[in-house]
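# Chain and residue survey
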Number of protein chains: 2
Amino acid sequence: MTSPKTSPEATVKAATPTIGVFDSGFGGLTVLRVLIQRLPHARFAFLGDTARLPYGSKSRRTIARYAAQSAQFLVREQGAEFLVIACNTASALALDAIQEAALGVPVLGVIAPGATAARAASRTGDVLVIATEATVQSHAYAAACRAQGLRALEKACPLLVPLVEEGWTDHPVTAEVIRIYLEELTTEAAAAGLNPDTLVLGCTHYPLLRPLLERIIARAVPAGIRVIDSAEAAAEAALRLFGQRETEERSPAAQVRCFATDSVDKFERLGSRFLGRPVGKVELVDLGG
Amino acid sequence: MTSPKTSPEATVKAATPTIGVFDSGFGGLTVLRVLIQRLPHARFAFLGDTARLPYGSKSRRTIARYAAQSAQFLVREQGAEFLVIACNTASALALDAIQEAALGVPVLGVIAPGATAARAASRTGDVLVIATEATVQSHAYAAACRAQGLRALEKACPLLVPLVEEGWTDHPVTAEVIRIYLEELTTEAAAAGLNPDTLVLGCTHYPLLRPLLERIIARAVPAGIRVIDSAEAAAEAALRLFGQRETEERSPAAQVRCFATDSVDKFERLGSRFLGRPVGKVELVDLGG
């Protein structure tokens, strides 16, 4: 792979590829977390478009415009040579727009890896997907699952993101909300004649609810339902794409720069819970929104 | 009052003043609802900046930029001669920026009217305020209450807006969340030596929770706490400002145009619950974000 630039800086970058990771907020740090663990010698630029989050309740047109601007920042300003779209909503509604804006840089979303992981996990071929309203309305997971020979039932769970952001990741109220959503989902699945054995977490905030979710499932579903994390699946897919290069050309340690379009305070305060380590100094950028 | 324009159109407008009502989303329709009831012959232009909501979790700088653009749209494009900022967050953090952007048009926020109504209601002089994170962090209510000789304790309740938008306005989970928030608030009030008898709803989504809130308060607080709705208070204040003119120069019936910066579907679907009647056709506008 050749770098689009020929400056000395570009040569340095070519030796240690920069992976751009993008999310509407900081939920995508759960993807970055796995990427850093698995590619400890790469260079990462993470952008959270926090001035305009959440994408999950907005229209395709608006999401595409925001995501394209964000992708351009990572490619043009940060020299990213790969893009991981660590945002289910942007992956579902704007992958085309991002690819167009990314100036030839390879782009990986979270939807297809999530569906691939669901296929590997499911024996019955029927899967459940929980996600934001916009992701569900796009039916991107249903389409990606269908391409894998799976039947998928999707459900919007709009309260889960605010509950995670409130820090109630192990709280009776959150448990009750999850129970209600899961009950509605399994009732609907039964009515549709599905026999689901796999649940896909189609939002990068949801991995923080995974322990609680798995406890509730263990009590409510005797046959068990396996939980698939799209963030983890995307990071694994990225690893397969970038891993070969990584082992050949390694810098001393992962370099991570985090950018946000709004209030870096909240990002710095909450981000570490998603990244699993301090996010460090977050740099403010203006995408003109 | 003279119109800033001298075109024939401006003369027509001067006969029936246009009141611009602005919110980050459609919660501000609760303010518009009271305004229409009380000024049934005025002309209204409502703008919800839905492409960039919620403001409640964003920074002062970002909120000021968004709100100023929105105010300019109402004044320049819709010829608004008064502006009601039916958004607590924008009123708390961006009233100066809006006034500057409003080209001399009078601007009324919701904070000061809320504090004035709290003063009229409170006997002990101690009030509680629930609002979004950004409104609370600005301490705009505390300052406005202090100016009225009141002591105020503010609390961010970030789960209430998503619960209202999920439609769970009379739901056991919402009741439990309200109980938790109120318990934290009253415990904190007691620790601070306050004896509150008034609760200000400092977010335009909260009036939809008022019946549930009042039932919970009636059970939990024997002495009772009176609930003040800032939306209602702001509409009453607007009435005092504009009412005189309204009675003199009346058009046949209230004319309402609604604009949104994103997905008019959701606005049209959820808006009627806030407005108390169908919102009709919502027009999409692009503020360049």
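Remember, predicted model here, so these are calculated numbers, not experimental data.

### Observations concerning the overall build of chain A
When you go through chain A residue by residue, the secondary structure sums to 12 helices and 10 strands. A globule of 289 residues ought to have a C-alpha radius of gyration of about 19 Å, and chain A, at 19 Å, matches this closely. Along the first, second and third principal axes, the C-alpha atoms of chain A reach 60 × 40 × 35 Å. The buried share of chain A, reckoned over its 289 residues, is 61%. On chain A, roughly 11,500 Å² of surface is accessible, and the fraction owed to carbon and sulfur atoms is 52%.

### Considerations on the packing of aromatic side chains
All names here are of chain B. As enumerated under the stated definition, the model contains 14 aromatic pairs over all chains in all. For the pair phenylalanine 22 and tyrosine 55, a centre-to-centre distance of 6.2 Å together with 50 degrees between the ring planes defines the contact as tilted. With phenylalanine 22 in strand β1 (residues 18-23) and tyrosine 55 in the loop between β2 (43-48) and α3 (60-77), the pair connects residues that are 33 residues apart, well separated along the chain. Seen in terms of ring centroids, phenylalanine 73 and phenylalanine 259 are 5.2 Å apart; in terms of plane orientation they differ by 75 degrees. Their pairing is edge-to-face. Here phenylalanine 73 is found in helix α3, whereas its partner phenylalanine 259 is found in strand β9 (residues 255-260), with 186 residues between them in sequence. Both residues of the pair, phenylalanine 73 and phenylalanine 259, belong to the buried class.

### A look at the relation of the copies chain B and chain A
It takes a turn of 180 degrees to lay chain B on chain A, together with a shift of 0.0 Å along the axis; the resulting RMSD is 0.0 Å. As the rotation angle and translation indicate, the two copies are arranged about a two-fold axis. Counting the interface residues of chain B, we find that 100% of their copies in chain A are interface residues as well, pointing to one common contact surface.

### Comments concerning the interface of chain B and chain A
Counting residues at the interface gives 34 residues for chain B and 34 residues for chain A. Counting each side, the surface lost to burial between chain B and chain A is near 2,600 Å², with a carbon and sulfur contribution of 54%. Run the count over chain B and chain A and you get 6 salt bridges. Residue A:Asp286 is joined to B:Arg65 by a salt bridge in which the shortest nitrogen-to-oxygen separation is 3.8 Å. Where chain B packs against chain A, one counts 12 residue pairs in polar contact (both at pLDDT 80 or more). Breaking the side of chain B that touches chain A down by element, the ones donating at least two residues are α3, α8 (160-165), α9 (172-191) and α12 (264-275) of chain B. For the side of chain B that touches chain A, the per-class residue count stands at 14 nonpolar, 9 polar and 11 charged.

### Some remarks on the sheet that holds strand β5 (residues 126-131) of chain B
All names here are of chain B. In spatial order, the strands read β6-β5-β7-β8; together these 4 strands make up an open sheet with parallel pairing. Either end of the sheet is taken by a strand with one partner, and the two such strands are β6 (151-156) and β8 (226-229). Direction aside, the axes of adjacent strands within the sheet are offset by 25 degrees on average. As paired strands, β5 and strand β7 (residues 198-202) are joined by 5 bridges and run parallel to one another. Residue pairing across strands places alanine 131 opposite glycine 202, the latter belonging to β7. Contacts between helix α7 (residues 140-147) and the sheet are confined to β5, β6 and β7, with β6 contributing the most and set at about 165 degrees to the helix.

### Overview of the confidence of the model for chain A
All names here are of chain A. Model confidence for chain A is summarised by a mean pLDDT of 89, while 91% of its residues fall at 70 or above. Counting contacts from residues 1-14, a segment whose pLDDT is below 50, to residues more than four positions away or on other chains yields 17 contacts. In the model output, the complex is listed with pTM 0.87 alongside ipTM 0.84.

Reading guide: rules and limits
- Residues numbered from 1 in each chain as written.
- Chains lettered and ligands numbered in written order.
- Predicted model: local features only at pLDDT ≥ 70, side-chain atom pairs only at ≥ 80, totals over all residues.
- Heavy atoms only, no water.
- Helix = DSSP H or I, 4+ residues; strand = E, 2+ residues; numbered from the N terminus.
- Rg over C-alpha atoms; globule rule 2.2 N^0.38 Å.
- Buried < 20%, exposed > 50% of the residue type's maximum accessible area, 1.4 Å probe, protein only.
- Areas by Shrake-Rupley, 256 points an atom, 1.4 Å probe, with all protein chains shown as cover.
- Phe/Tyr/Trp six-rings, centres within 6.5 Å; stacked < 30°, edge-to-face > 60°.
- Least-squares fit on C-alpha atoms with pLDDT ≥ 70 in both.
- Contact = heavy atoms within 4.5 Å.
- Buried area = accessible area lost by both parts, 1.4 Å probe.
- Salt bridge = Lys/Arg side-chain N within 4 Å of Asp/Glu carboxyl O.
- Polar contact = N/O pair within 3.5 Å; in protein donor to acceptor, adjacent residues only side chain to side chain.
- Nonpolar A, V, L, I, M, F, W, Y, C, P; charged D, E, K, R; others polar.
- Pairing = 2+ DSSP bridges.
- Axes fitted to C-alpha atoms, helices over the stretch in contact; angles between N-to-C directions.
- pLDDT = per-residue confidence, 0-100.

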